[in-house]
Amino acid sequence: MRVLSTPGFAARWLVPRMAGFEHAQAIRLHIAEGAPSTKFSTNDADIVIKWRDDAEEDVDVVPFIHSARYPVVSPALLERESISHPRDLLRLTLFRDEVDDQWPAWFRAAGVVAELAEGDPIYPNCEYASTAAEAGLGVSLAYEAVVGPTVAEGRLVRLFEATTIPFTIYAIATEAVRRHDPLIRAFRDWLLAEARHHSANSTPICVAE
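The following refers to the structure shown.

### Structural notes on the overall build of the protein
Helix and strand counts for the protein come out as six helices and 10 strands. What you see for the protein is a C-alpha radius of gyration of 18 Å, in line with the 17 Å of a compact globule of 209 residues. Seen through its C-alpha atoms, the protein measures out along the principal axes to roughly 55 × 30 × 25 Å. The buried share of the protein, reckoned over its 209 residues, is 50%. Contacts in the protein between residues at least 24 apart in sequence constitute 80% of all its contacts with a sequence separation of at least 6. Approximately 10,500 Å² of the protein is accessible, and the part contributed by carbon and sulfur atoms is 50%. The average position of the 20 basic charges and that of the 30 acidic charges among the side chains of the protein differ by 3 Å.

### Let's talk about the nonpolar core
Core analysis: the largest hydrophobic core is formed by 28 residues, its most contacted members being Phe-64, Ile-65, Phe-187 and Leu-191. Looking at this core, the elements with two or more residues in it are helix H1 (7-14), strand S3 (47-51), strand S4 (59-67), helix H5 (144-152), strand S10 (167-175) and helix H6 (182-200). At six residues, H6 tops the list of elements feeding residues into this core. Every residue in contact with Phe-64, bar those within four places of it in the chain, is listed here: Phe-9, Trp-13, Thr-168, Tyr-170, Ala-171, Ile-172, Leu-191, Leu-192 and Ala-195. Among the nonpolar cores identified, the runner-up in size contains 17 residues, and Leu-92, Leu-94, Trp-103 and Val-139 belong to it.

### Observations concerning the pairing of strand S8 (residues 139-143)
The element S8 is largely enclosed, with a buried count of five among its five residues. With burial as the criterion, each face of S8 is covered, one bearing Val-139, Leu-141 and Tyr-143 and the other bearing Ser-140 and Ala-142. Pairing geometry for strand S6 (residues 94-97) and S8, over two bridges, is parallel. Residue pairing for S8: Phe-95 is matched across the bridge by Ser-140.

### Some thoughts on the pairing of strand S5 (residues 69-73)
Summarising burial for S5: five of the five residues are buried, a large majority. Across the two faces of S5 the burial is the same, with Arg-69, Pro-71 and Val-73 and Tyr-70 and Val-72 all buried. Sheet topology places S5 next to S8; four bridges connect them, and they run antiparallel. Among the inter-strand pairings, Arg-69 is bridged to a residue of S8, identified as Tyr-143. Strand direction decides the pairing type here: S5 and strand S9 (residues 157-158), joined by two bridges, are antiparallel. By the bridge assignment, Val-73 is partnered in S9 with Val-157.

Rules behind the numbers
- Residues numbered from 1 in each chain as written.
- Predicted model: local features only at pLDDT ≥ 70, side-chain atom pairs only at ≥ 80, totals over all residues.
- Heavy atoms only, no water.
- Helix = DSSP H or I, 4+ residues; strand = E, 2+ residues; numbered from the N terminus.
- Rg over C-alpha atoms; globule rule 2.2 N^0.38 Å.
- Buried < 20%, exposed > 50% of the residue type's maximum accessible area, 1.4 Å probe, protein only.
- Contact = heavy atoms within 4.5 Å.
- Areas by Shrake-Rupley, 256 points an atom, 1.4 Å probe, with all protein chains shown as cover.
- Lys, Arg positive; Asp, Glu negative; His and termini not counted.
- Charge placed at Lys NZ, Arg CZ, Asp CG, Glu CD.
- Core = buried A, V, L, I, M, F, W, Y, C linked by side-chain atoms within 4.5 Å.
- Pairing = 2+ DSSP bridges.

Here you go:
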């Protein structure tokens, strides 16, 4: 069975869990360069992990992962910088989003009136920003559901309790006519169970305000 996904979702969420799926050896993971296509006549996929949960004709779309966002940095950057209040982030390099940048929303949630500096790096997706943060190059506004395991491993550190408003960031898409295919259904059920388990056991590391 062919599963089409973004590189960030595959590396940080799916692959570390795959051993727990009973039929893992039947999965062939394909990585999309941009947003994964849900045009099943041409995408050579049986399941697509798509961004958000917009309805599509002839496609069965099941909301999968909901997430808020919070800032993360590398332990090395945290050690060399004094970060005790959200306003301290304004003097650091903030990785911005090419589309739907949510730094203004996060600063409002943190109670900070912020005028963001021009010239901060702009990334096309959160994976590049999180990887740059791991390298100690700046601060990423990461999706908790994707970066949570990296935080738990200590490769990134969550900053502060404030978050953006959660929304559906990933959905499971299949051809509507194949929604009851036994392997597709088994994989979909496993993904949903894993997402529920992650949500119930999420214990991110925080830096106190």
